[in-house]
Amino acid sequence: MNTLRTGEFFGQTNEKLNFEGLIITDTEYTHSYVDWHYHENAYFTFLLQGNMVEGNKKEIYHCPAGTLLYHHWEDPHYNIKPEGFTRGFHIEISAEWFEQLHVSKDAVEGSLQIQNPSIKLMLSKIFKETKMNDQTFELSVQQLLLNIFSQLSDTKIVQPEKNPRWVKQINELLHENFMEKVSLTELSKTLDIHPVHLSRDFQKYFHCNLGEYIRQLKINKSLILLHNKNTPLVEIAAECGFADQSHFIRSFKENLGITPLKYRKIR
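Keep in mind that this is a model prediction, so the values were computed, not measured. (Residues numbered from 1 in each chain as written. Predicted model: local features only at pLDDT ≥ 70, side-chain atom pairs only at ≥ 80, totals over all residues. Heavy atoms only, no water.)

J.: Talk me through the overall build of the protein; I want residue IDs and the actual numbers.
T.: Per the secondary structure count, the protein includes 10 helices and 11 strands. Computed over its C-alpha atoms, the radius of gyration of the protein comes to 19 Å, within 12% of the 18 Å expected for a compact globule of 267 residues. Projected onto its principal axes, the C-alpha coordinates of the protein cover approximately 50 × 45 × 40 Å. Within the protein, contacts between residues separated by at least 24 positions form 69% of all contacts whose residues are at least 6 apart in sequence. Accessible surface, the protein: about 13,700 Å² in total, of which carbon and sulfur atoms supply 49%. Side-chain charges in the protein split into 29 positive and 33 negative, and the spacing between the mean points of these groups amounts to 6 Å. (Helix = DSSP H or I, 4+ residues; strand = E, 2+ residues; numbered from the N terminus. Rg over C-alpha atoms; globule rule 2.2 N^0.38 Å. Contact = heavy atoms within 4.5 Å. Areas by Shrake-Rupley, 256 points an atom, 1.4 Å probe, with all protein chains shown as cover. Lys, Arg positive; Asp, Glu negative; His and termini not counted. Charge placed at Lys NZ, Arg CZ, Asp CG, Glu CD.)

J.: Summarise the pattern of salt bridges; cite the residues concerned and give the values.
T.: Oppositely charged side chains can form a pair if their charged atoms are brought close together. Using the criterion set out here, one finds five salt bridges in the structure. Of the charged contacts, one joins Asp201 and Arg200 as a salt bridge, the two residues approaching to 3.1 Å between their closest N and O atoms. By relative accessible area, which is 53% here, Arg200 ends up exposed. One salt-bridge network, held together by shared partners, links Glu15, Asp26, Arg87 and Lys131. (Salt bridge = Lys/Arg side-chain N within 4 Å of Asp/Glu carboxyl O. Buried < 20%, exposed > 50% of the residue type's maximum accessible area, 1.4 Å probe, protein only.)

J.: Describe the pairing of strand S6 (residues 51-56), listing the residues and the values that go with them.
T.: Summarising burial for S6: five of the six residues are buried, a large majority. Strand direction decides the pairing type here: S6 and strand S7 (residues 60-64), joined by five bridges, are antiparallel. Bridging across to S7, Gly55 finds its partner in Ile60. Counted between consecutive antiparallel strands, the loop separating S6 from S7 contains three residues. Alignment of S6 against strand S9 (residues 77-80), held across four bridges, turns out to be antiparallel. Paired with Val53 across the bridge in S9 is Ile80. (Pairing = 2+ DSSP bridges.)

J.: An account of the layout of surface pockets is needed here, citing residue identities and associated values.
T.: Taken as a whole, the second largest pocket holds about 290 Å³ of empty space. Elements supplying a minimum of two residues to the lining of the second largest pocket: helix H2 (117-130) and helix H7 (210-225). Of the residues forming the lining of the second largest pocket, the biggest block, four residues, is contributed by H7. (1 Å grid on protein atoms, 1.4 Å probe; cavity = no way out; pocket = protein on both sides within 12 Å on 5 of 7 lines; lining within 4 Å. Points joined across faces, edges and corners; volume = space filled by probe spheres on them.)

J.: Talk me through the packing of aromatic side chains; I want residue IDs and the actual numbers.
T.: The tally for this structure, following the rule as stated, stands at 18 aromatic pairs. Ring geometry for Phe89 against Phe127: centres 5.2 Å apart, planes inclined by 75°, an arrangement best described as edge-to-face. Taken together, the residues span a long stretch of sequence, with Phe89 in strand S10 (residues 87-93) and Phe127 in helix H2 at a distance of 38 residues. An identical accessibility class is assigned to Phe89 and Phe127; each is buried. The positively charged end of Lys105 is found above the aromatic ring belonging to Trp73, 3.9 Å away from the centroid. Across the ring face of Phe242, the terminal group of Lys218 is positioned such that the distance to the ring centre comes to 5.6 Å. (Phe/Tyr/Trp six-rings, centres within 6.5 Å; stacked < 30°, edge-to-face > 60°. Lys NZ or Arg CZ within 6 Å of the ring centre and 35° of its normal.)

It is worth stressing that arrangement in space is one thing and function is another; only the former is reported here.
Set out below in structure tokens:
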């Protein structure tokens, strides 16, 4: 089985940053099939454009743009790339980084697809920071990555099999219907749970309130559409379920710190 060393990914790496135990790469995937392999470091993959299929010992992920994956160190997997341009953003994390920042290397194990929109937005912020090329981006990246591991560790503490059934149900409902108007009353009836209980405990399992979670899902969808420079913002706003373009711009800036147009210029 192939072992990929630090900073190695199959494809054409267009940019690589290496600092304080982190290796960040922006890579175009050029191989239609990559046989079973593993990486010597743990890493995140954030699919910026295109599509990919990834399989590991437990499951197969069909990954459109916007997919976020995490791989524990030396976790074997394979990849299939359909026709078309596919681009991935990777954050590779050395053993030294875990030691220096006092983060357990085994806090998150195996391969997993991360659905949490707030974590995806933090990865998008890291992507933005790596393109800023100023003296503070390294500090910002470190802080965001620590926040991500903190949230992932919190998620692991509450094991999925021990979660109330409604947690999985509401997550699926919101991912499927976030572009539609959702009411607390309707959700409560569908899930057969009291509105007060739902409102109180949602924060416990999702680390934000319902409204924030839905806005994060909309912003994540817009990140994919923004890669097409020919799509007007007004169309993106409508397709992502925002009331209008101004609402989209305001929500985007609140979550990512810059306007959609500025994010679009980040390459």
